[in-house]
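# Coordinate analysis (summary)
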Amino acid sequence: MLHAKNAGEFLKNEKAVDSHDKALWFVRAKRDKAVNKLPEWESLRETASGIKAHTLSRLDEYLEEFERKATENGIKVHWAETAEDHNHLVRQILETHNVRKVVKSKSMLTEECGLNPFLEASGIDVVDTDLGERIVQLAHEPPSHIVLPAIHKTKEQVGELFWEKMGTEAGNNDPSYLTGEARKDLRRKFLEADGAITGVNFAIAETGEFVVCTNEGNADMGAHLAKVHVACMGIEKILPKREHLGVFLRMLARNATGQAVTTYSSHFSKPRKGAEIHIVIVDNGRSKQLGREDFRASLKCIRCGACLNTCPVYRRSGGHSYGSVIPGPIGAILSPGIDLKKHASLPYASTLCGSCSDVCPVKIDIHTQLYKWRQIVAKEKYLPASKRMMMGGMSKIMASPKAFEMAGKAGAWALKVVPRGIVYGPWNPWGKEREMPEVPKQTFGEWYKEYEQQESENGNAK
Ligand code: SF4
C-alpha cells in the first residue's frame with residue numbers, strides 16, 4: 001500500500017515526526033480556542049454548509065451569473081475543462097502580454113494542474129511568493145499541507161536551504177532573520193515581475209468580484225504591481241451573494257490557524273486603468289465529483305486545513321506520504337475521485353475516528369465518505385491480493401459462530417506456545433511497536449456459557 005509505505009519512510013526520523021505532530025496539534029489547539037470564543041460557531045457551520053449545498057445544487061446558474069457580472073466589470077473570464085486546458089490558457093494569456101517573469105501567491109489549484117513546471121518549460125519564470133510555498137519551491141518539493149506548505153521542515157533545514165539558495169548567514173536559523181531575508185529577496189522578485197498569478201478563495205455570483213485571502217499580503221503586492229493578473233479558480237469556489245462572504249471569512253482563518261480573520265482579505269472587482277484581470281475557471285474532474293451523490297459534499301471544502309491538523313494519521317505520517325496534491329482526510333476523498341487506482345490506499349489512511357468531520361466548518365461527512373471509498377476500492381479489486389485474501393478469510397470466519405470460536409481458540413493457543421521471535425516476526429508490523437494482547441483465561445463465549453449456567457442454577461433462567 002503506497003500511503004503506508006511512504007509513511008514508513010517519514011516515520012524513520014522520529015524527531016521530525018515528533019515536531020510535525022506537535023506543531024500541528026498546537027495549531028489545532030489554537031483553532032479550538034478561537035472557535036470556542038464564538039457561541040454561534042455551530043450555527044455558523046450550519047449556515048455555511050447550507051449555503052454551499054444550495055450553491056452546488058445550482059452551480060451552473062451561479063457560474064454563468066458570475067461570468068456575466070465579471071465581464072461587465074471588465075474582467076476577462078476563461079473556462080478550462082481540464083488541467084491541460086488551464087495551463088495552456090494561462091500560458092496564452094501571459095504570452096499575449098510578453099510576460100516572462102511571474103509572481104504567484106498560494107493556489108492549490110495551480111499545484112493540482114502542475115502549472116509551475118508547465119510555465120517554466122515554456123521559458124516563463126515563476127516565483128512562489130507565499131513564504132511556505134517559496135521554501136518548498138527552493139527545496140524542489142511539493143507542499144505537504146494546504147495551508148502550511150512547509151510544515152514538514154524544521155527551522156534548521158530552512159536555515160540551511162536559505163544559506164545555500166539565497167546566501168544567508170551560515171548557521172543562522174532564527175525565524176525572524178530568515179523571514180526578513182526572504183522578504184528582501186521576494187521584494188526584488190515582485191518589482192521585476194510583469195505578471196501575477198493568484199488563487200481564488202471565494203467568487204461572488206451577484207457582483208462578479210472575487211476574494212483572495214493571504215496572511216502576507218503577497219497576492220495584493222503581485223496583483224497591484226503587475227500589468228496582468230491571472231486568477232485561477234475551481235468551479236466550487238462560487239458563492240451566490242456578497243452577504244454570504246461574512247459567514248465564510250469569519251470561519252476560514254479561525255478554523256485554519258486560530259486567527260480571528262485572515263490578515264489580508266482582498267476583493268478584486270475590476271482591473272485598474274492600463275492593467276488586465278483574467279480569471280480561469282477550472283473543472284478538472286469536479287463535475288464528475290458533483291455527480292457522485294455520496295461524495296458531492298466534498299466540493300463544499302474551503303481548504304482551511306483543519307481536518308489535516310486534527311487527523312492522527314496525517315500528523316504522524318506527513319503530507320508527502322499521501323502522494324497527492326491535497327493530503328490528509330479531504331485529499332483522501334478528492335484524490336480517488338480523480339484516479340481511483342493510483343490513490344486506492346488513501347481512504348485507508350484514517351482511523352475513521354471522525355475528528356475531521358467534527359472540525360470541518362462546512363460539515364462535510366469526511367469519515368463517512370472515506371468509509372464509502374473503502375467499499376468502492378474493495379469492490380473494484382484495488383486492494384492488494386494479500387489483503388483481499390485476508391479479508392475474504394476473515395469474512396468467512398466472522399460469518400460462522402463455530403468458525404469464529406475455533407479461530408479465537410487457535411489464536412489464543414498460538415500466542416501461548418509460538419516463540420516470541422515468530423509472533424513478532426516481519427509479517428507482523430503491528431507488533432513492531434506494540435505488545436500483542438494478553439491471552440485471557442477464558443473466552444467471552446466460555447464466560448457467557450458459565451454465566452448462563454450459574455443463572456439457571458440460581459433459578460434466573462430466561
Ligand atoms: S474538508 Fe473541511 S476541514 Fe478539511 S480542509 Fe476542507 S473545509 Fe477544512
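The model shown is predicted, which means the values in this text are computed figures rather than measured ones.

With that out of the way, let us pick up the overall build of the protein. Scanning the protein from terminus to terminus reveals 22 helices and 10 strands. Principal-axis analysis of the C-alpha atoms gives the protein an extent of 95 × 55 × 45 Å. Taken over 462 residues, the protein has a buried fraction of 48%. When the accessible surface of the protein is summed, it comes to about 23,600 Å², and 54% of that surface belongs to carbon and sulfur atoms. The averaged location of the 58 negative side-chain charges in the protein is 1 Å from the averaged location of its 65 positive side-chain charges.

Turning to the state of the cysteines, a few remarks are in order. Tallied over the entire structure, the rule returns 0 disulfides. Cysteine 213 forms no disulfide, and the closest cysteine sulfur to it belongs to cysteine 304, at a distance of 12 Å. No disulfide involves cysteine 353; its nearest neighbouring cysteine sulfur is the one of cysteine 356, lying 6.2 Å away.

This part is about the nonpolar core. For soluble globular proteins, the rule of thumb is that nonpolar side chains tend to be buried together. Phe202, Phe248, Ile330 and Ile366 are the most contacted members of the largest nonpolar core, which totals 53 residues. Ranked by residue count, the leading element in this core is helix 12 (residues 245-257), at 7 residues. Setting aside anything within four residues of it in sequence, one finds isoleucine 330 in contact with Ser298, Cys301, Cys307, Leu308, Ile364 and Ile366. Membership of the second largest hydrophobic core comes to 25 residues, among which are Tyr62, Ala70, Phe210 and Ala219.

Moving on, we get to the sheet that holds strand 4 (residues 195-198). Taken in spatial order, the 6 strands line up as 1-10-7-4-2-3 in an open sheet, and their pairing is parallel. For this open sheet the edge positions go to strand 1 (76-80) and strand 3 (125-128), each flanked by a neighbour on one side alone. Looking at each pair of strands side by side, their axes are set apart by 20 degrees on average, direction ignored. Inspection of the sheet shows strand 2 (residues 101-104) paired to strand 3 by 4 bridges, in the parallel sense. Looking at the pairing, valine 103 lines up with valine 127 of strand 3. Running at roughly 150 degrees to strand 1, helix 4 (residues 59-72) makes contact with strand 1, strand 7 (228-234) and strand 10 (276-282) of the sheet.

Conventions adopted
Within any chain, residue numbers begin from 1 and follow the written order of that chain's sequence. Where local features are concerned, this predicted model is filtered to residues with pLDDT of at least 70; where side-chain atom pairs are given and counted, the filter is 80 or more; whole-chain, interface and lining totals use all residues. As a convention, hydrogens and water are excluded, and side-chain values are obtained from all of the structure's heavy atoms. Each helix is a run of DSSP H or I of at least 4 residues and each strand a run of E of at least 2, with the numbering of both proceeding from the N terminus. The buried label goes to any residue with under 20% of its type's maximum accessible area, the exposed label to any with over 50%, and the partly exposed label to all in between, with areas taken from a 1.4 Å probe on protein chains only. To be clear on the numbers: accessible area is Shrake-Rupley with a 1.4 Å probe, and residue cover counts the displayed protein chains and nothing else. In summary, the charge assignment counts Lys and Arg as positive and Asp and Glu as negative, without counting His or the chain termini. A single reference atom marks each charge: NZ on Lys, CZ on Arg, CG on Asp, CD on Glu. Two cysteine sulfur atoms make up a disulfide if the distance between them is within 2.5 Å. As used in this record, nonpolar core signifies buried Ala, Val, Leu, Ile, Met, Phe, Trp, Tyr and Cys residues forming a set joined through side-chain atoms within 4.5 Å. Whether two residues are in contact is decided by their heavy atoms: any pair within 4.5 Å suffices. For two strands to pair, DSSP has to find at least two bridges joining them. Where helices are involved, their axes are fitted lines through C-alpha atoms of the stretch in contact, as for all axes, and angles between N-to-C directions lie from 0 to 180°.

Geometric values such as these leave the question of function open.
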